[in-house]
Amino acid sequence: MSVTRPPNTPKLPPRWFVRGAWSVHRALYRVLPGKAGLWGPRGPRWGTMRVTATGRKSGQPRSVILGYVEDGDDLVTLAMNGWANPEPAWWLNLQANPEATVELVGG
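Residues numbered from 1 in each chain as written. Predicted model: local features only at pLDDT ≥ 70, side-chain atom pairs only at ≥ 80, totals over all residues. Heavy atoms only, no water.

Caption draft 1: Up close: the overall build of the chain. When helices and strands are tallied, the chain shows 2 helices and 4 strands. Counted from the first residue to the last, the chain has its helices and strands arranged as α-β-β-β-α-β. Residues counted as buried form 21% of the 107 residues belonging to the chain. Residue pairs at least 24 apart in sequence account for 44% of intrachain contacts in the chain once pairs closer than 6 positions are excluded. (Helix = DSSP H or I, 4+ residues; strand = E, 2+ residues; numbered from the N terminus. Buried < 20%, exposed > 50% of the residue type's maximum accessible area, 1.4 Å probe, protein only. Contact = heavy atoms within 4.5 Å.)

If you want it as structure tokens, here you go:
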């Protein structure tokens, strides 16, 4: 049985590819801090930020790199888990403890 998609629906990459791409991105950030991994939005394009929150189960700092856009003084991101169904752990951590730090390119 084949599944048909509505016209003009973008094809999503496989989950293993999405997780692999983000793993490489995080590794670049760790190996080349300040030189790779974070960038600001340019025009209509998105930027990346590093958010550190307290783990809801471990109580330890947990960091994640997220894409964002600017809306005036606000930073806006999506709570998505690489197009998978469960809510991302960083979002659940923020819900449990809303205090977090955000690192942007340049400080």
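Caption draft 2: Broad picture of the pattern of salt bridges. All told, the structure shown has 1 salt bridge when counted by the stated rule. Residue Glu103 pairs with Arg50 through a salt bridge whose shortest N-O separation is 3.8 Å. In this pair, Glu103 sits in strand S4 (residues 100-103) while Arg50 sits in strand S1 (residues 47-54), placing the two residues 53 residues apart along the sequence. Accessibility expressed as a relative area gives 27% for Arg50, which makes it partly exposed. (Salt bridge = Lys/Arg side-chain N within 4 Å of Asp/Glu carboxyl O.)

Caption draft 3: Broad picture of a negative patch on the surface. Together, Glu70, Asp71, Asp73 and Asp74 give the surface a local cluster of negative charge. By secondary structure assignment, the location of Asp74 is in strand S3 (residues 74-76). (Patch = residues over 30% accessible without salt bridge, like charges linked within 9 Å, V, L, I, M, F, W, Y side chains within 5 Å. Areas by Shrake-Rupley, 256 points an atom, 1.4 Å probe, with all protein chains shown as cover. Lys, Arg positive; Asp, Glu negative; His and termini not counted. Charge placed at Lys NZ, Arg CZ, Asp CG, Glu CD.)

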